[in-house]
Amino acid sequence: MKNNRSTRLAYARFLIASCGVLALGGCGGSSNNGGPTVPTYTLSATISGLGSSVLVLSVNGSSSTISGDATTVALAYGMASGTAYSVAVQTQPTGQVCSVANGTGTVASANVVNVAVTCSAVSYTVGGTISGLTATGLVLLDNGSDATSIAANATQFSMHTGLAYGSTYDVTVGTQPYGISLVCTPSNASSTVSADVTTVAISCATVAPTQTAIPVTFGSPGGVAVDAHGNVFLTDTVADAVEEIPYSNGSYGSPVTLGSGFFGRPFGITVDLNGNLFVTDTVNNIVAKIPYSNGSYGTPVIVGPTPLFNSPEGVAVDTSGNVFVADTGNNTVWEIPYSNGAYGTPVTMGAGFSAPGGVAVDANGNVFVADTLHAAVKEIPYTSGSYGTPQTVGSGFTNPQGLAVDANGNVFVADTSATVVEEIPYNNGTYGTTLLSVGSGLSVPSGVAVDSLGRLYAIDGHHLWSFVP
């Protein structure tokens, strides 16, 4: 009896060795020569996430091709109990990566059904090279979205979001670099993804800014300001009005009068981080705040004591809310300190000014003054909570009045005797001695402003101008 059992077992093993794991059912379903029937089993797998491409699996070293979109597949038949099996990915489907779970084991006394193949799309990067990018602020888009900010001086880039095989990409410039003189242009920027994309090229170059007249009618302008949303504000010294030129989706709307009937001769204007406007009034000798809250402007309120000023023209506000005033008739620059929602007693800054007509403040707290009758622009440096002695950073003007300073430290000057906006360039802690000219054809420019993107605005006797790359 024992020898007969051993013979049967040896015969079964022989059948398995002869047929292999891919044998059809007839190869091992019964014994030859009238021997006993040997139970056999099927090896199958579930497939999830497989796209339209073909997947090739290795089943105990033999290839098994799986058609695209399959969800269940039989991999082997006629497997006897005790047979070892191994399932692995041999060739990945195009644009996907698949993995096998429960891919190795030994056949017991049942069909093997727990092998699981999971496939997912490969995410390919979209990127390339950059040249000439000397400023911050560049934002790239892919297919109109996936905004990706690029650092200054970058030479390579990769979009934030990868794309699947077969997807299309189209890289464009969403926002040009900060300022008015650098433009970036993509090339080799659109195609179909078949691997990581590294061939998009972004080339940046210096250009002359585009000068455009914003359609608005006014009597005689004084100053100009722009808020974080692109809305432009100006003072009209003939109409005794403050006007808002609302901006939305790339275009300007009709002017809206603010603080109607309050001002005698509004001149300088600026806007703080919260949208509040500050306006000098050269007839009433005041500085007024037009408060902004929940999308609307309130009634103007006087900032600082009265009487104090004498024909104040320029006004600026720093990131802490402190207000700076160019008090033209008193040859003085004032700071009105702000703390805990209240304005304190004004204090003088510097000395030796002659009819200062404009004032601006940079992100570091340095204050710039248009010293009009001295035909110069001066900086009152700010360090460790205190202001230093005024020093000249620009000269050669005739009648400097409006001032603005951008995030890079460049100072823009509205000289009423010029036909351009003049720029005092700043680089690595030093102001250039040669003035740069921006635009052309201006007539008595009196005010300038810079927005959050570094775009420049100027107002003259006839137009409100914008300067963009």
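See above for the structure.
Definitions and limits used
Residues numbered from 1 in each chain as written. Predicted model: local features only at pLDDT ≥ 70, side-chain atom pairs only at ≥ 80, totals over all residues. Heavy atoms only, no water. Helix = DSSP H or I, 4+ residues; strand = E, 2+ residues; numbered from the N terminus. Buried < 20%, exposed > 50% of the residue type's maximum accessible area, 1.4 Å probe, protein only. Contact = heavy atoms within 4.5 Å. Areas by Shrake-Rupley, 256 points an atom, 1.4 Å probe, with all protein chains shown as cover. Lys, Arg positive; Asp, Glu negative; His and termini not counted. Charge placed at Lys NZ, Arg CZ, Asp CG, Glu CD. Disulfide = S-S within 2.5 Å. Pairing = 2+ DSSP bridges. Phe/Tyr/Trp six-rings, centres within 6.5 Å; stacked < 30°, edge-to-face > 60°.

*Asks:* Can you walk me through the overall build of the chain in this structure?
*Replies:* Across its full length, the chain carries two helices and 50 strands. Considering only C-alpha atoms, the chain reaches an extent of 125 × 45 × 45 Å along its principal axes. Classification of the 469 residues of the chain by burial places 46% in the buried group. In the chain, the share of contacts with a sequence separation of at least 24, taken over all contacts with a separation of at least 6, comes to 49%. As displayed, the chain has an accessible area near 21,100 Å², and 49% of this comes from carbon and sulfur atoms. Taking the 8 positively charged and 25 negatively charged side chains of the chain as two groups, their mean positions are separated by 44 Å.

*Asks:* Where do I start with the state of the cysteines in this structure?
*Replies:* Two cysteines whose sulfur atoms are joined by a covalent bond form what is called a disulfide. Here the structure, examined in full by the defined rule, presents two disulfides. Between the sulfur atoms of Cys 98 and its disulfide partner Cys 119 the distance amounts to 2.1 Å. Across the disulfide from Cys 98 to Cys 119, rotation about the S-S bond amounts to roughly 110°, and the bridge is consequently right-handed. Separated by 21 residues along the polypeptide, Cys 98 in strand S6 (residues 96–101) and Cys 119 in strand S8 (residues 112–121) bring together distant segments of the chain. Of the two residues examined, Cys 98 and Cys 119, each falls in the buried class. Between the sulfur of Cys 184 and that of Cys 204 lies a disulfide, 2.1 Å long from S to S. Sign of the S-S torsion, about 105° for the bond between Cys 184 and Cys 204, identifies this disulfide as right-handed. Taken together, the positions of Cys 184 in strand S14 (residues 182–187) and Cys 204 in strand S16 (residues 197–206) put the pair 20 residues apart, joining distant regions of the chain. The buried category is assigned to Cys 184, whose relative accessible area is 3%. In this structure Cys 204 comes out as buried when scored by relative accessible area, which is 12%.

*Asks:* I would appreciate a short explanation of the pairing of strand S25 (residues 277–281) in the present structure.
*Replies:* Remark: a regular strand shows side chains that alternate across the two faces of the sheet. Here S25 lies mainly inside the structure; five of its five residues are buried. Residue alternation in S25 divides its side chains into two sets, Leu 277, Val 279 and Asp 281 and Phe 278 and Thr 280, and both sets are buried. Pairing analysis gives four bridges linking strand S24 (residues 266–271) to S25, with the strands arranged antiparallel. By the bridge assignment, Ile 269 is partnered in S25 with Val 279. Where S24 folds back on S25, the antiparallel hairpin that results is connected by five residues, among which Gly 275 adopts a positive phi of roughly 90°. Judged from the five bridges that link them, S25 and strand S26 (residues 286–290) form a sheet pairing that is antiparallel. Bridging from a neighbouring strand, Leu 277 pairs with Ile 290 of S26. Hairpin connection from S25 to S26: four residues lie between these consecutive antiparallel strands, with Asn 285 at a positive phi of about 55°.

*Asks:* What is the right way to read the packing of aromatic side chains from this model?
*Replies:* We describe a pair of aromatic rings using the distance from one ring centre to the other and the angle between the two ring planes. Tallying each qualifying case throughout the model produces 11 aromatic pairs. For the ring pair Phe 309 and Trp 334, a centre distance of 6.4 Å and an interplane angle of 85° mean the geometry is edge-to-face. Taken together, the positions of Phe 309 in the loop between strand S29 (301–303) and strand S30 (312–317) and Trp 334 in strand S32 (residues 332–336) put the pair 25 residues apart, joining distant regions of the chain. For the pair formed by Phe 309 and Trp 334, the shared burial category is buried. Ring centres of Tyr 382 and Tyr 387 lie 4.8 Å apart, and the angle between their planes is 50°; this geometry places the pair in the tilted category. The class for Tyr 382 is partly exposed, based on a relative accessible area of 32%. Take Tyr 387: its relative accessible area is 26%, and that puts it in the partly exposed class.

*Asks:* Whenever I open this one, the pairing of strand S5 (residues 84–91) confuses me. Can you help?
*Replies:* Alignment of strand S2 (residues 55–59) against S5, held across four bridges, turns out to be antiparallel. Residue pairing in the sheet places Leu 57 in a bridge with Val 89 of S5. Relative to strand S7 (residues 104–106), S5 runs antiparallel, the two sharing three bridges. Paired with Tyr 85 across the two strands is Gly 105, which belongs to S7.

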